Amino acid sequence: MSTHTITFLPEGVTVAAAAGDTLLSAATAAGIGLRAACGGKGVCGKCVVRVASSGSAGYEEVLGCQTPITGDAVVTIPEESRLADGHALAEDLTGGVALEAPLAEGVSVELPTEGEWYRETAAERLLAALALQRERFSEVTLELTALRALAALALQRERFSEVTLELTALRALAPLAREGGRLRVALADFDGAGRVIGVAPETATGTYGVAVDLGTTTVVVGLMDLVAGKVLASHAELNAQGRYGADVISRIVYTQEREEAREELRAAALDTIENCLFELLAPLGLSREDVIAAALVGNTTMIHLLLGIDPAGIRRDPYVPAVRSLPTLAAEDVGLAIHPRAPVFVAPGVSSYVGGDITAGVLAAGAAATAELTLFVDLGTNGEMVVAKGDWLVCCSCSAGPAFEGSGLDHGTYARPGAIDAFRYDAEADTMTFHTIGGATPVGICGSGYIDALAELLRAGAIDRRGRINPEFPSPRVRAHEERYEFVLVWGREIGRDDITLGEDDIQNLIRAKAAVYSGVTTLLDSLDLQPSQLERVLLAGGFGHSLHPDNAVAIGLLPDLPRERLHFLGNTAFAGACRALLRRDARLDLQWLARRMTNFELSTVPGYMDRYVSSLFLPHTDLSLFPSVT
Amino acid sequence: MPFEMPVEKWAGAVNTVTIGATRDQGGTRGSTVTLGGSTGLPFLHFEGKTPNRPALALEVLDTPPAEMPAPLAAAIGDVVNDPVAWARLGVEKYGADAICLRFTGAHPDRGNRSPEECAALTKAMLAAVPVPLILWGCGQADKDNDLMPRVSEVAAGENCLLGTASQDNYKTITAACLADGHKLITEAPLDINIQKQVNILVSDAGLDTSRIVMFQVTGGLGYGMEYAYSIMERTRLAALGGDRMLSMPLLAQVGSEVWKAKEARTPEETAPQWGPAEARGLLWETLTATCFLHGGTDLLVLWHPQVIVQTRKILDALMGA
């Protein structure tokens, strides 16, 4: 088998690749992220690269996933084809959440060096010190088992049934024990059992934890100060699993195709988290051992893939995952590069398609806290939604598809610097004003931008209720494209690149996504004999943040026609829920309770769903009377 | 104690649509056909009125199919090659209420007849038969957008029924209807939501809903007839329930669907177990037509002339005549 040298520009990275391998696999081997929403099947058109050739243009544009290597080559990867850094979507929604029995904490103890304790083992002395710290006992027996129990009793309102010393702690303790004095003990909560995972001299460094939102498209990691109880910094990156497929189903399918696939996907997720950790810890000069707790939220498939658990059952009737609720695991067992024995709390999920990210989101959004009838929707690829009233909750996943994350659309992109997230069209002057994230030159349009575009074009009459562009619309922005029409949203000449357009295929894609969400909502409500008008609060979570315009979301029929003050746009609630789990024991217990209480509806088996879906394929809806404020 | 029949009270009714214009109405028709108006479920005369009997139209193709099934060809005879004579046969001998002239020969793959030829045929047809005309395109969107405005124009004032407007292609034909004073058939692929959507789109384009006749693409007996029946029944119930966007009269294409089936077409030699070919196709079409009448169809488009005769007898019985 011959090998060839492939050079990737503009990085200038070279890699040796076997003849017959694809350019996509060579890019992956070179550490370059190439977009591959369809998982390399040649369908999505996102992995376009330019191979230098002797032709007139100097290069040939090909699909990276479909082009085999037949010789040495110089390949330029255009900006649009790259998996770039995600926009930092994380906001600190933990404001006002007080620290209470966090997942791990540093406890200060005085290790006695004199008196009758001097002859006891370091371990016994430590446990006794933990017990004596509270000065609760006048006398302590020397039985190790008793000491364990006493230490537990002494600590924090009987939180723990017992406290054990991890090997890592014992190893650290031994050299310090002879000196005695003040020590810092890292004490972790493993589902109610306390574990001392580390012992160190009393220093000024604090204790830290990480909250990880393992999203299908974007991974967000936040560094939390477990003493002050707040987020210090957060970092977002595109989930490197994206090169194996844009959605959970295509990734599950990939695991069935190759032996190594599960390990590849697991490594990709861990790599992404690792990159974020590096970005967070390095500037603060923190070491891995300083991070003594992690709270992880993600949808069911993401968790299975991260933990190397076979996800096959998720996509097959009766759609049952291998596990819904995990015990707290040790970081080195999971593969996270923080303190090896740090507790990793995984938020429990409900079903194959409603995971811990949703329970965490419901907790953080306070969706279940009140007596108000509340709808919580996570507007991402999986489109999960929860209807809650007090302690009664139902959920479903409507599988909206990645359109709102920009996938499958000509100029679509996830929310990142340069993504257009808002549009306003003045039909009389034929001017389109827009806003980009970070104020940068537009590179594409993200979900909220598309929602605005659809609403504006519908209002202006440039598209009909079916989403067809009106060929007679009096503007040069409407022009023929392939066998249909397209609308020029941004003239390329104004921004120094190609025109940014909206084609009829894109419009149909978006209408299907919004129809899935709306019909999911109405099907769920109908199964409960409720009307949308009865909803008192609608809480929307996802990468849209604050840039989603409620009027436009209603105008296109994405959301029910409700008084706008009932619609609330939250940010990344999954991440906020992960932060809460780090900070508070009751949050961890609440998550377990929520996961058990949420009743999952499998939409694909609910009669009438298809019918509702088809009637939602209209702007705003086939039944116009449902949207009086916009029709 | 005397038994009182429980009677349903309906809030709505099916719209009334008339096709054809007589001399004093600006046309040259000898008769008009009025569709719809029902205030109850089909033929339940004790709880609703059926002011207008469902109508029976004979379909005439401008170019007959390459393989016309033998029993059908025999029933129609040589006139199958002469659309005008074919139409006259249907009206004069078999009493068709209307003629549906379908421009299959205009399809680019099947003869690609020009819009001018189709317009000329339309003129000749109008002169030859006194009944209202249904003018039906070739099924290819771009060609129909050329052809339908032309035939609509030469038939201006005759109040024809033009077919069809679909969700992907409705603007041109709607404009032609508005310009030349015709009625419009809106088409959906056996989906009640899409039917409603097309009606809304056409209405948004300026055509009043009182000028619409609905058409759900159906299958014949053995090929989706029951599903079509369910859709028709749901549509009628929606109309009676007051849904204005589903209150239009309903049309069904019977002949063109039924005669695709092998049970209708196959010669006796090839399938002796299926019995005499002459009766087979006729029965297949009659049964489908009858089922659709029960579903609430107001206008049936038929192929076999004898089916008109048989269906009329069934209708007489159903109407209590």
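Here the structure is a predicted model, which is why all the values come from computation and not from measurement.

Enquirer: Describe the overall build of chain A, with residues and values.
Expert: Of regular secondary structure, chain A possesses 16 helices and 27 strands. Restricting the contact set of chain A to residue pairs at least 6 apart, pairs at least 24 apart contribute 67%.

Enquirer: Got a sec to walk through the overall build of chain B? Specific residues and values, please.
Expert: For chain B, the count of helices and strands is 11 helices and 10 strands. Taken against the 2.2 N^0.38 rule, which gives 20 Å for 321 residues, the C-alpha radius of gyration of chain B at 19 Å falls within 12% of a compact globule. Out of the 321 residues belonging to chain B, those deemed buried represent 49%. Taking the intrachain contacts of chain B between residues at least 6 apart in sequence as the baseline, contacts between residues at least 24 apart amount to 70%.

Enquirer: Run through the nonpolar core, naming residues and quoting values.
Expert: Residues Ala 294, Leu 296, Ala 342, Phe 376, Val 386, Ala 578 and Leu 582 of chain A are the most contacted members of the largest nonpolar core, which totals 163 residues. When residues in this core are grouped by element, the largest group, 11 residues, is from helix H12 (residues 504-527) of chain A. Discounting chain neighbours no more than four positions away, the residues touching Ala 578 of chain A are Ala 211, Val 212, Asp 213, Ala 295, Leu 296, Val 297, Ala 347 and Ala 360 of chain A. One finds Ile 19, Ala 96, Leu 147 and Leu 293 of chain B within the second-largest nonpolar core, a separate group that totals 90 residues.

Enquirer: Outline the packing of helix H3 (residues 115-128) of chain B against helix H4 (residues 141-154) of chain B, listing residues and values.
Expert: All names here are of chain B. In contact at an axis separation of 9 Å, H3 and H4 are set at 30 degrees when each is read in the N-to-C sense. With respect to each other, H3 and H4 are oriented roughly parallel. When you trace H3 past H4, the crossing you get is right-handed. Contacts between H3 and H4 involve Pro 115, Cys 118, Ala 119, Thr 122 and Lys 123 from the former and Asp 146, Leu 147, Arg 150, Val 151 and Val 154 from the latter.

Enquirer: An account of H3 of chain B is requested, with residue identities and associated values reported.
Expert: For H3 of chain B, built from 14 residues, the straight-helix expectation of 20 Å at 1.5 Å per residue is met to within 8% by its first-to-last C-alpha distance of 20 Å. Against the buried residues of H3 of chain B lie helix H2 (83-93), strand S4 (98-102), strand S5 (133-136) and H4 of chain B.

Enquirer: Residues and numbers for helix H10 (residues 277-295) of chain B, please.
Expert: An ideal rise of 1.5 Å per residue puts 27 Å on 19 residues; H10 of chain B measures up with 27 Å between its terminal C-alpha atoms. Downstream of H10 of chain B by a residue or two, Gly 296 of chain B has a phi angle that is positive, lying close to 115 degrees.

Enquirer: Mind laying out unusual backbone geometry, listing which residues take part and the relevant values?
Expert: Among all residues except glycine, the phi angle is most often negative; among peptide bonds, the trans geometry is most common. The omega torsion across Asp 317 of chain A and Pro 318 of chain A is 0 degrees, close enough to zero to call that bond cis. As for its placement among the helices and strands, Pro 318 of chain A is situated in the loop between helix H7 (300-306) and strand S14 (329-330). Between Leu 619 of chain A and Pro 620 of chain A the backbone carries a cis peptide bond, its omega angle lying at -5 degrees. In this structure, Pro 620 of chain A sits in the segment after helix H16 (609-615). You will see that Asn 112 of chain B, though not glycine, has its phi angle at about 50 degrees, which is positive. Within the secondary structure, Asn 112 of chain B sits in the loop between S4 and H3. Of note, Leu 190 of chain B is a non-glycine position whose phi angle comes to about 55 degrees, a positive value. With respect to the helices and strands, the residue Leu 190 of chain B is situated in the loop between strand S7 (183-188) and helix H6 (192-204). Given 16 C-beta atoms within a 10 Å radius, Leu 190 of chain B is considered partly exposed.

Enquirer: Talk me through the interface of chain A and chain B; I want residue IDs and the actual numbers.
Expert: Between chain A and chain B, the contact holds eight residues from the first and nine residues from the second. A per-class count over the side of chain A that touches chain B returns two nonpolar, two polar and four charged.

Enquirer: Kindly report on the sheet that holds strand S24 (residues 500-503) of chain A, identifying the contributing residues and their values.
Expert: All names here are of chain A. Pairing in this open sheet of three strands is antiparallel, and the strands run S22-S23-S24 from one edge to the other. Of all the strands in the sheet, just strand S22 (478-481) and S24 have a single pairing partner and so form its edges. With direction set aside, neighbouring strand axes in the sheet form an average angle of 40 degrees. In terms of strand pairing, S22 meets strand S23 (residues 484-490) through four bridges, oriented antiparallel.

Enquirer: Talk me through the confidence of the model for chain A; I want residue IDs and the actual numbers.
Expert: Residue and element names in this part refer to chain A. For chain A, mean pLDDT is 85; residues scoring 70 or higher make up 88% of the total. Confidence over residues 85-92 falls short of pLDDT 50; this stretch has 35 contacts with residues more than four positions distant or in other chains. Segment residues 134-146: pLDDT under 50, and 13 contacts once partners within four positions in sequence are set aside and those in other chains are kept.

Enquirer: Explain the confidence of the model for chain B to me, using residue names and the numbers behind them.
Expert: Across chain B, pLDDT averages 95, with 100% of residues at or above 70. In the model output, the complex is listed with pTM 0.76 alongside ipTM 0.75.

Enquirer: Can you lay out the sheet that holds strand S10 (residues 299-302) of chain B for me, pointing to particular residues and giving the numbers?
Expert: Residue and element names in this part refer to chain B. With respect to topology, eight strands assemble into a closed barrel ordered S3-S4-S5-S6-S7-S8-S9-S10, the strand pairing being parallel. On average, each strand axis in the sheet is tilted by 25 degrees relative to the strand beside it, whichever way the strands run. In this sheet, strand S8 (residues 212-216) lies alongside S7 in parallel orientation, the contact comprising five bridges. Paired with Ala 188 across the bridge in S8 is Gln 216. Running over the sheet, H2 touches strand S3 (55-61) and S4 and is turned about 160 degrees from S3.

Enquirer: Describe the environment of Val 213 of chain B, naming the residues involved and giving the relevant values.
Expert: Tracing the backbone shows Val 213 of chain B in strand S8. When near neighbours in sequence (up to four residues on either side) are disregarded, Val 213 of chain B contacts Val 17, Leu 35, Leu 161, Lys 183, Ile 185, Met 248, Pro 249, Leu 251 and Leu 299 of chain B.

Enquirer: Can you break down the environment of Met 5 of chain B residue by residue, with the values?
Expert: All names here are of chain B. Here Met 5 lies in the segment before strand S1 (16-19). Classification of Met 5 as exposed rests on a count of 6 C-beta atoms within 10 Å. Separated by 29 residues in sequence, Met 5 and Thr 34 place their C-alpha atoms 30 Å apart.

Enquirer: So what about the pairing of strand S20 (residues 431-436) of chain A? Which residues, and what values?
Expert: Where a strand is regular, its side chains alternate between the two sheet faces. Residue and element names in this part refer to chain A. Looking at chain direction, strand S19 (residues 419-426) and S20 are connected through six bridges and run antiparallel. Counterpart to Tyr 425 in the pairing with S20 is Met 432. Where S19 folds back onto S20 in an antiparallel hairpin, the turn is made up of four residues, including Asp 430, whose phi is positive at roughly 55 degrees.

Enquirer: Talk me through the packing of helix H14 (residues 573-583) of chain A against helix H15 (residues 585-597) of chain A; I want residue IDs and the actual numbers.
Expert: Residue and element names in this part refer to chain A. Running from N to C, H14 and H15 cross one another at 125 degrees; their axes reach a closest spacing of 5 Å. Regarding the angle of H14 to H15, the classification is oblique. Taken as a pair, H14 and H15 cross one another with a handedness that is left-handed. On H15, the residues touching Arg 580, Ala 581 and Leu 583 of H14 are Ala 587, Arg 588 and Leu 591. Looking at the contact of H14 with H15, its residues break down into four nonpolar, no polar and two charged.

Enquirer: Just give me the short version of the environment of Ala 85 of chain B, but keep the residues and values in it.
Expert: Residues and elements named next belong to chain B. Residue position: Ala 85 is located in helix H2. Residue class for Ala 85 comes out partly exposed when judged on the 16 C-beta atoms lying within 10 Å of it. Remark: the alpha-carbon pair of Ala 85 and Val 60, spanning 25 residues in sequence, is separated by 9.7 Å.

Quick notes on the rules
- Residues numbered from 1 in each chain as written.
- Chains lettered and ligands numbered in written order.
- Predicted model: local features only at pLDDT ≥ 70, side-chain atom pairs only at ≥ 80, totals over all residues.
- Helix = DSSP H or I, 4+ residues; strand = E, 2+ residues; numbered from the N terminus.
- Contact = placed C-beta atoms within 7 Å.
- Rg over C-alpha atoms; globule rule 2.2 N^0.38 Å.
- Buried ≥ 20, exposed ≤ 12 C-beta atoms within 10 Å, placed from the backbone.
- Core = buried A, V, L, I, M, F, W, Y, C linked by C-beta atoms within 7 Å.
- Axes fitted to C-alpha atoms, helices over the stretch in contact; angles between N-to-C directions.
- Parallel < 35°, antiparallel > 145°, perpendicular 65-115°, else oblique.
- Left-handed = near helix turned anticlockwise from the far one by under 90°.
- Expected span 1.5 Å × (residues − 1).
- Nonpolar A, V, L, I, M, F, W, Y, C, P; charged D, E, K, R; others polar.
- Pairing = 2+ DSSP bridges.
- pLDDT = per-residue confidence, 0-100.

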